[in-house]
Structure formats: structure tokens, C-alpha cells
Amino acid sequence: MKVLLAGANGYIGTRLIPVLLEKGHNVICLVRDKRRFHEQSDFSDRVSLIKGDLLREKDIEDFPQDIDAAYYLVHSMSQAPDFAELEALSAHNFIQKLDKTNCRQVIFLSGIVNDDNLSKHLLSRKHVEDVLREGKAPVTVLRASIIIGSGSSSFEIIRDLTEKLPLMTVPKWVNTRCQPIGIRDVLGYLEGVMLNEKAFDKTFDIGGPDVLSFKEMMLRYAKVRGLNRRMITIPFLSPKISSYWLYFVTSINYSLANSLVQSMKNETIMRDHAIDEVVPRQCLTYEQSLELAFEKIEQNSIVSSWKDALNFGYLKSEFMDQIKVPQNGTLEYKVKLPFEGESDKVEKNIWAIGGDRGWYYWDWIWSIRGFLDKLFGGVGSRRGRTSGSSIEPGDVIDFWRVLLADKINKRLLLYAEMKLPGEAWLEFKIIERKGKKFLSQIATFRPNGLWGRAYWYMMWPFHLFIFNGMAKQIVQFEDGRAVKT
């Protein structure tokens, strides 16, 4: 079948592509920036691309006339005052374009909405369902609770809290019940309902076999990991305080933390099991989903992560335009370090930077900078990286975004997502010339006004030690050991 996928760069969309390809379908991906998809996806040569920002109908390329089915996997977790209007506009523009085709079905992944007093984000999801139904094609809605999988925001929150805090003071919403489902089962349902006439114009709740409170999920996580954890519930913690608590303890940004806390007041339990008649499936238990996530993490085979989505308020969809580092009006700190031996070792060290490996030199300074960034509303440095070995454009490395990972020319270019009075790039490159080898490391800063320049010169003494020490360690680091300098 010819299948259109909106949200192809998202957490779910990235994982659905290989499932559809394995079934032999012709997949067409709607993306805001084709460059990012080509650089990031292993499937870029096996799918067709359509460019379009769904918030701007005139910028969306026409869809092929002979589309059989379309997946709408576009979500927003921002706290912009008008986010609900933007989500509705995005769905409306999608349907306007889709109605010009022969599409026979639209499939949307939503959230379980069985409570009367819904959060703003769950209400917005429900409204998007209604907007999609205004189109000509029959709509199939799958409503899920918390999705458990390597790289999912829910899994990462549970992981951060349980791994880091032996004793937790937790808000009362941890007693809210939900019905978690493994990412593998979500993908199975998404594929199973496609062009299944029993699913046309139907809404289904989907979930795993376990009904658990958030507290029980954390305690079961601790059990699987062999950890002893205690929790003390504090009933007077407000949603705002709870959001800040999640923001500072976990790797998620405040916008996502606030969205999740607001949604956690609602029980998300399956109202019926009608999906069993349409797509019979034995879903994984919560603990099985956890173990599968751990397996992917240990194998460094995390396919996608919530962290790799572009964050509201930091980078726009055109972030790939930043690949060309500006030359005018910028300040630079350059290190050009000669080295002996094979360049493969140095290249591997560059590719492994950040995350668990760290920044090779004065990691405590990077940690302080990450904490200060969180303090002032930034992303902080707890996001780590999706994979410890591979790296692709669009990936997150702590508070940096990967713009370019060119293994042929041995060049890595990062763009800062931290709070700064300006813009910052960090470039690593191996240069081989006339039999000599050099590690080139360039920090570029484009200041925003006088305060931006003052910031750069205040940080210059730290740059002197950090960047020189980092370059030396990248060249010398081997066998998991840093070399004393």
C-alpha cells in the first residue's frame, strides 16, 4: 500500500517506518526539513519525502493522489498559550491537503480520555480527533496511556526518579492509576488497524495487561533493577511545584514536565477492549516492557528518543540552516592539536563525547553549567544522548544539538541549546595534511549585544583550560581511561 506518515521524525513515527517497510508498503514521509531526515534516517533511501510545515498550509507540498492510508502522529507538548489552537490548525491543514487525494483511512494516536475533567493537553488531543473527522476519509483513533519503551519520555522520567532517589517525597498524583503499554504493542496496533475495515470510523482504547499507579510503576521499576526505594507522599505539592520537581530531578524540560503533571491528574485506564476483536494481540506486561527497554539501552540500539524532537522555545524546524557557522560578528576559541598514531581512535572519542562518557576534562564544570542552565529555565545537561556509540544529525548531546556528523570528512558540529546571550557552535574535525594529523576544535560564539560580549570574555579563562584540556584528552583517551595531564 502507499502510506503517508506525518510526524516521521517523532518518537513513534521513527519506529513505525521500519515496521511498514517490512510489510512491503510504499512509505511517504511528511517532514519539515528533508535535510534532517536524510541525515538522520537509515531509511532515507527507501522512502519518499514531502516537505511541509503543517502550520503553514501554503508551504506544504501536494500529497500523491493515490495514497491508500495516512498516519497522523503529530503532537505538541509545549506550554504556549495557544498550543491547542496550533494543534487544531495543524490537523486542519493536514486534512485540507489529504482531501485532495484518494486516501481511504486516517490513523491517529491519541491519549485515553475517559475522565470528565481533562487536562488541557488531553482536551487538545480529543479536539484534534474531531478535526480529523471533518475530512473525507474514515478515521481510526487509537487512545493510549503511558507508553513504555527505550527513549520514551514516560520511561525516562520513571528511570531518572527511581535510579537517582533512594528516598522520594512525591506529590499525590503518584497514586493516579493508568494502563501502561509497551512501544512494541503500540506499533503492532498502529500497523494492525491500517485499512482494516473493522477499524474504520472507530475509536479504540489500547493498553497492556497491568493497571498501575505511578507509584507502583516506580516501585516495580526498582524491583526489576534490584533497587530498594522508599516514597513519602506529600499531598500539598501543587502542580507547579511538582513540575519544577520533575524538571530539576529528571532530564525533561519544564514545558514537558508541566504538560505531564497536568495530565497525570486523570486516570487513563481502558474503558473497553473492543480492539481485541479487530487486532487480537497478547500485549507485554509492564515489567516485560521495562526489560525490553533495558535490553535496547544495553545494546546501544535505541531507535528514537523524545529528546531528539525539536524543543519548543529552543530551536526551530529550520535548525539545519545553522550548519554553516557564521564568520562575521563572531568570537572564536581555536585549538589545533597535532597527534601521532591512528586517527580512528581520535575519531571514536569524538563520536562518543557527552552522555555517560562526559566531556573528557573538568566534567564538574560542565555539570555546574548544566545546573545553572536548568536554574534559568534551560534544558540542562541531564538529557545525555540517545546512543553511546552512534551519532546522527538532530540527536541531542546533553545541552547541545547535533547539526552535522560527517564521518567521511571526520567532522562533528554541535549547536548550543543552553540559555545564552547569543548563539554558540562547537566543532571537532580531524585534519590530515602532508603526513601530519591534527585535531581541530573550534568554539564559535555570536554574541547578542553588549551582554553577549561580556559573557564571552568572562568565560574566556574557563575556555582556556576546558577546551585545551578537552582536546588533549580526546587525543589521548583510550581503553575507558582518561590520561592525566
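From a predicted model like this one, the values you see are computed outputs, not experimental measurements. (Residues numbered from 1 in each chain as written. Predicted model: local features only at pLDDT ≥ 70, side-chain atom pairs only at ≥ 80, totals over all residues. Heavy atoms only, no water.)

I'd like a description of the pattern of salt bridges, backed by residues and values.
Scanning all chains against the criterion turns up 22 salt bridges. One salt bridge in this structure joins E163 and R225, with 2.8 Å as the shortest N-O distance. Of this pair, E163 sits in helix α5 (residues 153-164) while R225 sits in helix α7 (residues 214-225), and the two are 62 residues apart along the sequence. We classify E163 as partly exposed; its relative accessible area is 30%. Accessibility expressed as a relative area gives 39% for R225, which makes it partly exposed. Where K223 meets E287, a salt bridge forms, and the shortest distance between an N and an O atom there is 4.0 Å. (Salt bridge = Lys/Arg side-chain N within 4 Å of Asp/Glu carboxyl O. Helix = DSSP H or I, 4+ residues; strand = E, 2+ residues; numbered from the N terminus. Buried < 20%, exposed > 50% of the residue type's maximum accessible area, 1.4 Å probe, protein only.)

I'd like a rundown of the packing of α7 against helix α11 (residues 286-298), residues and numbers included.
Between α7 and α11, the least distance of the axes is 10 Å, while the angle of their chain directions is 55 degrees. On the basis of their axis angle, the class for α7 and α11 is oblique. In the crossing of α7 with α11, the sense of the turn from one axis to the other is right-handed. Between α7 and α11, the residues in contact are M217, M218, R220, Y221, K223, V224 and R225 and Y286, E287, L290, E291 and F294, respectively. A class-by-class count of the residues in the contact of α7 with α11 yields seven nonpolar, no polar and five charged. (Axes fitted to C-alpha atoms, helices over the stretch in contact; angles between N-to-C directions. Parallel < 35°, antiparallel > 145°, perpendicular 65-115°, else oblique. Left-handed = near helix turned anticlockwise from the far one by under 90°. Contact = heavy atoms within 4.5 Å. Nonpolar A, V, L, I, M, F, W, Y, C, P; charged D, E, K, R; others polar.)

Please set out the packing of aromatic side chains residue by residue, giving values where relevant.
In this description, an aromatic ring pair is defined by two values, namely the gap between the centres and the angle between the planes. In this structure the tally under the stated criterion is 20 aromatic pairs. Seen in terms of ring centroids, F63 and F94 are 5.8 Å apart; in terms of plane orientation they differ by 50 degrees. Their pairing is tilted. With a gap of 31 residues between them, F63 in the loop between β3 (48-51) and β4 (69-72) and F94 in helix α3 (residues 83-98) connect regions that are remote in the sequence. Comparing F63 with F94 shows no difference in burial state: the two are buried. Between Y333 and W460 the ring centres are 6.3 Å apart and the planes differ by 65 degrees, which places this aromatic pair in the edge-to-face class. (Phe/Tyr/Trp six-rings, centres within 6.5 Å; stacked < 30°, edge-to-face > 60°.)

Outline helix α14 (residues 449-476), listing residues and values.
Compared with the 40 Å implied by 1.5 Å per residue over 28 residues, the 38 Å span of α14 between its first and last C-alpha is a close match. A maximum bend of about 45 degrees is found in α14 at W460, where proline P461 lies one to four positions downstream. Turning to α14, its buried residues number three or more, namely G452, Y455, W456, H463, I466, F467, G469, M470, A471, Q473, I474 and V475. (Expected span 1.5 Å × (residues − 1). Bend = angle between axes of the 7 residues up to and from the residue.)

Would you mind going over the sheet that holds strand β19 (residues 436-447) in detail, with residue names and values included?
Here we have six strands laid out as an open sheet, ordered β14-β19-β18-β17-β16-β15, and antiparallel in their pairing. Of all the strands in the sheet, just β14 (331-339) and β15 (396-397) have a single pairing partner and so form its edges. Bridge count between strand β16 (residues 400-406) and strand β17 (residues 411-416): six bridges; the pairing is antiparallel. Bridge pairing links W400 to A416 in β17. Sitting on the sheet, α14 touches β14, β18 (422-433) and β19, and the angle it makes with β14 is about 10 degrees. (Pairing = 2+ DSSP bridges.)

Summarise the sheet that holds β4; cite the residues concerned and give the values.
Across the sheet, which stays open at both edges, the seven strands sit in the order β3-β2-β1-β4-β5-β6-β11 with parallel pairing between neighbours. Looking at the sheet topology across the chains shown, the edges are occupied by β3 and β11 (202-206). Each adjacent strand pair in this sheet contributes to an overall mean axis angle of 20 degrees, direction not counted. In this sheet, β4 lies alongside strand β1 (residues 2-6) in parallel orientation, the contact comprising four bridges. Pairing of A6 across the sheet is with Y72, part of β4.

Account for the packing of helix α8 (residues 239-249) against helix α9 (residues 254-263), with residues named and values stated.
In the contact formed by α8 and α9, the axes pass within 8 Å of each other and the chain directions differ by 130 degrees. By the criterion of interaxial angle, the relationship of α8 to α9 is oblique. In terms of crossing hand, the pair formed by α8 and α9 is right-handed. Contacts between α8 and α9 involve P239, K240, S242, S243, Y244, L246 and Y247 on the former and, on the latter, Y254, A257, N258, V261 and Q262.

Can you break down the environment of D82 residue by residue, with the values?
Residue placement: D82 occurs in the loop between β4 and α3. Owing to a relative accessible area of 36%, D82 belongs among the partly exposed residues under this scheme. It is 49 Å that separates the C-alpha atoms of D82 and K345, two residues lying 263 residues apart in sequence.

Explain the state of the cysteines to me, using residue names and the numbers behind them.
Two cysteines joined by a covalent bond between their sulfur atoms form a disulfide. This model, assessed by the stated rule, comprises zero disulfides. Here C283 is not cross-linked by a disulfide; its sulfur's nearest cysteine counterpart is in C178, at 14 Å. Its relative accessible area of 9% is what places C283 among the buried residues. (Disulfide = S-S within 2.5 Å.)

Mind laying out the pairing of β17, listing which residues take part and the relevant values?
Summarising burial for β17: six of the six residues are buried, a large majority. Burial along β17 is two-sided: R411, L413 and Y415 and L412, L414 and A416, pointing in opposite directions, are all buried. The hairpin turn running from β16 into β17, its antiparallel successor, is four residues long, and K410 in that turn takes a positive phi close to 55 degrees. Note that β17 and β18 share five bridges and pair antiparallel. Bridging across to β18, R411 finds its partner in K429.

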